[in-house]
Amino acid sequence: MTSPEVITMGETMVIMNPQQDLPLEYVDTFRKQFGGAESNVAVGVARLGHTSGWISRVGDDPFGTYIEKNLRGEGIDLTHVVRDQQAPTGFFFKERRRAASVNVYYYRAGSAASRLQPGDVDPEYVAGAKLVHLSGILPALSTDCRHAADQLLETAKNAAIPVVFDPNVRMKLWNSREEAAEILNRYALASDYVLIGQSEGELLADEREPEAIASFYQRQNPELTVVVKLGEDGAFVSAPSEQLYVAGYPVQNVTDPIGAGDAFAAAFMSGLLHEETLSKSVQLGNAAGACTVQAAGDIEGFPSRQELDTLIQAEGKRPAEDVKR
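Our subject in this report is the structure included herewith. Since we're looking at a predicted model, the values are computed, not measured.

### Quick notes on the sheet that holds strand β3 (residues 30-35)
- As summarised here, the arrangement of the four strands in space is β3-β2-β6-β7, forming an open sheet in which the pairing is mixed. Both outer strands of the open sheet, β3 and β7 (101-107), are each paired with one neighbouring strand and no more. The average angle at which neighbouring strand axes cross in this sheet is 25 degrees, direction not considered.
- Contacting β2 (13-18) and β3, helix α2 (residues 62-73) runs over the sheet at an angle of about 65 degrees to β3.

In structure tokens form, the structure reads like this:
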């Protein structure tokens, strides 16, 4: 069997999305959706015309069926998804007190995906990919999941498959900032590309300025490419041979910010797969994030390549601005 171009692994949950912008205790109507950073990325990659595969476990329950049906409908390869008869599919509630501000309440402890383990990583499957996407959520779920993340990273490195790492810091899943920083920075430094938000840089590198965040990682791994995401201000990119800022795409009305980082990762990897320049790949990521925040739900606003190109042409943004070291 031919492996997909991009492989990722992690948990996908059912989302209970409130239909009113109120404190959760006053909401009485919800829309059922699904989402998880890693499967979101797989969907984003597929929307952009590539093949993607998702490694995971879901419960042998109606929620697991719902997730599988929808991801299969998006064209995601699910040949390495296990239906776990011993644990349920996780879910979470969103809370919106106002449109652009979203809180989440997880019900994922002991879920099927928290039982992911190294044996779920098929070396032959991973070795056939062109890129591996690794999220910092996976090692936060359980000790077994951390070992599974280690196995995915090691398998990719042994097969010389570039690894794109998104820390995806979720402090509700960690015991402390120190624990999160120690573990997530280990994955970052072992990867080829790190896509990190500015606030995540403050948590993990104890730095605020984009240049300082990138320098923190590149001092320890000079071959690493670091992309510091700056929201509507774009992104700062530091590669072994260049540094540059890439303009962003301001959005007038943000409907739901969740999923923007996953859209960025998917579009960035699409650029890499098309052998675009680094600045063009980041430009695609910026545009994808801007599209995504304008729709309610994790994946509903993920764009096609035509939509990205249309936005970029309409805005007339310069791809990048060189910055001297």
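### Describing the packing of helix α9 (residues 260-273) against helix α10 (residues 278-292)
- Look at α9 against α10: their axes get within 7 Å of each other, and the N-to-C directions meet at 150 degrees. As summarised for this structure, α9 and α10 are arranged roughly antiparallel, according to the angle between their axes. Crossing geometry of α9 relative to α10 is assigned as right-handed. Across from A260, A263, F264, A267, F268, G271 and L272 in α9, the residues of α10 making contact are L278, S281, V282, L284, G285, N286, A288, G289 and T292.
- By residue class, the composition of the contact of α9 with α10 is 10 nonpolar, six polar and no charged.

### Here we look at helix α8 (residues 210-218)
- The set of residues buried in α8 consists of P210, I213, A214, F216, Y217 and Q218.
- Where α8 is buried, its residues contact α6 (177-190), β10 (193-197), α7 (198-205), β11 (225-229), β12 (235-239) and β13 (242-246).

### Focus on the environment of Q306
- Within the secondary structure, Q306 is located in helix α11 (residues 305-315).
- Owing to a relative accessible area of 63%, Q306 belongs among the exposed residues under this scheme.
- Here the alpha-carbon distance between Q306 and R57, two residues 249 residues apart in the chain, equals 33 Å.

### Some remarks on the pairing of β10
- By the criterion of burial, β10 is predominantly enclosed, with five of the five residues buried.
- With burial as the criterion, each face of β10 is covered, one bearing Y193, L195 and G197 and the other bearing V194 and I196.
- In terms of handedness, the path from strand β9 (residues 163-166) via α6 over to β10 forms a crossover that is right-handed.
- Judged from the five bridges that link them, β10 and β11 form a sheet pairing that is parallel.

### Some thoughts on helix α5 (residues 143-158)
- Relative to the 22 Å expected for 16 residues at 1.5 Å per residue, α5 spans 22 Å between its end C-alpha atoms, a close match to the ideal helical length.
- Every buried residue of α5 is accounted for by C145, A148, A149, L152, L153, T155 and A156. Projected onto a plane normal to the axis of α5, the buried residues spread over an arc of 165 degrees and lie on a single side. Residues T143 and N158 are exposed on α5 and point more than 90 degrees away from its buried face.
- Its buried side turned inward, α5 meets β1 (6-9), α3 (123-127), β8 (131-135), α4 (138-141), β9 and α6.
- Taken from the residues just after α5, A160 is the one with a positive phi, measuring 60 degrees.

### A look at the nonpolar core
- Counting 46 residues, the largest nonpolar core has M9, L134, I196 and Y217 as the members making the most contacts within it.
- Contact partners of Y217, with chain neighbours within four places excluded, come to N185, A188, L189, I196, L204, A205, L224 and V226.
- Within the second largest apolar cluster, 28 residues are counted, among which are L71, V81, L284 and A290.

### Some remarks on the packing of helix α1 (residues 37-47) against α9
- The N-to-C vectors of α1 and α9 enclose an angle of 45 degrees; their axes lie 8 Å apart at closest approach. When the axis of α1 is compared with that of α9, the two are oblique. α9 is crossed by α1, and the crossing has right-handed handedness. Facing α1, whose interface residues are A37, N40, V41, G44 and V45, α9 presents D262, A265, A266 and M269.

### With respect to the side chain of T89
- With respect to the element layout, T89 can be found in the loop between β5 (81-84) and β6 (91-98).
- Within the structure, T89 has its side chain in polar contact with the backbone nitrogen of G59 (distance 2.9 Å).
- In terms of polar contacts, T89 uses its side chain to reach the side chain of D61, at 2.9 Å.
- Apart from the residues within four sequence positions on either side, T89 is in contact with T12, V58, G59, D61, F63, G64 and I67.

What counts as what
- Residue positions are given per chain, counting from 1 as you read along its sequence in written order.
- Only residues with pLDDT of at least 70 get local features here, since the model is predicted, and only at 80 or more are side-chain atom pairs given and counted; chain-wide, interface and lining totals rely on the full set of residues.
- Hydrogens are left out, water is left out, and the side-chain values use all remaining heavy atoms of the structure.
- Criterion used throughout: strands pair if DSSP finds at least two bridges between them.
- Secondary structure counts use DSSP, requiring at least four H or I residues in a row for a helix and at least two E residues in a row for a strand, with both numbered from the N terminus.
- For helices, the axis comes from a line fit to the C-alpha atoms of the stretch in contact; other axes are also lines fit to C-alpha atoms, and the angle between any two N-to-C directions lies between 0 and 180 degrees.
- Pairs of residues are marked as contacts when any of their non-hydrogen atoms sit within 4.5 Å.
- When describing relative orientation, an angle under 35 degrees is termed roughly parallel and one over 145 degrees roughly antiparallel, while 65 to 115 degrees is termed roughly perpendicular and anything else oblique.
- Crossing chirality is assigned from the near helix's rotation relative to the far helix, an anticlockwise turn below a right angle marking it left-handed and a clockwise turn marking it right-handed.
- When residues are sorted by character, Ala, Val, Leu, Ile, Met, Phe, Trp, Tyr, Cys and Pro go into the nonpolar class, Asp, Glu, Lys and Arg into the charged class, and all the rest, Gly among them, into the polar class.
- We call a residue buried when its accessible area falls under 20% of the maximum for its residue type, exposed when it is over 50%, and partly exposed in between, using a 1.4 Å probe and counting protein chains only.
- By the criterion used throughout, a crossover qualifies as right-handed when its path from the first strand across the helix to the second strand runs clockwise, the strands pointing away from the viewer.
- Take the number of residues in a helix, subtract one, and multiply by 1.5 Å to get its expected span.
- Summarising the geometry, the arc corresponds to the directions from the helix axis toward the C-beta atoms.
- What we call a nonpolar core is a set of buried Ala, Val, Leu, Ile, Met, Phe, Trp, Tyr and Cys residues that are connected through their side-chain atoms within 4.5 Å.
- Each polar contact in these results corresponds to two N or O atoms within 3.5 Å; when the atoms are within protein, one needs to be able to donate a hydrogen and the other to accept it, and residues that are neighboring in sequence are counted only if both atoms are side-chain atoms.

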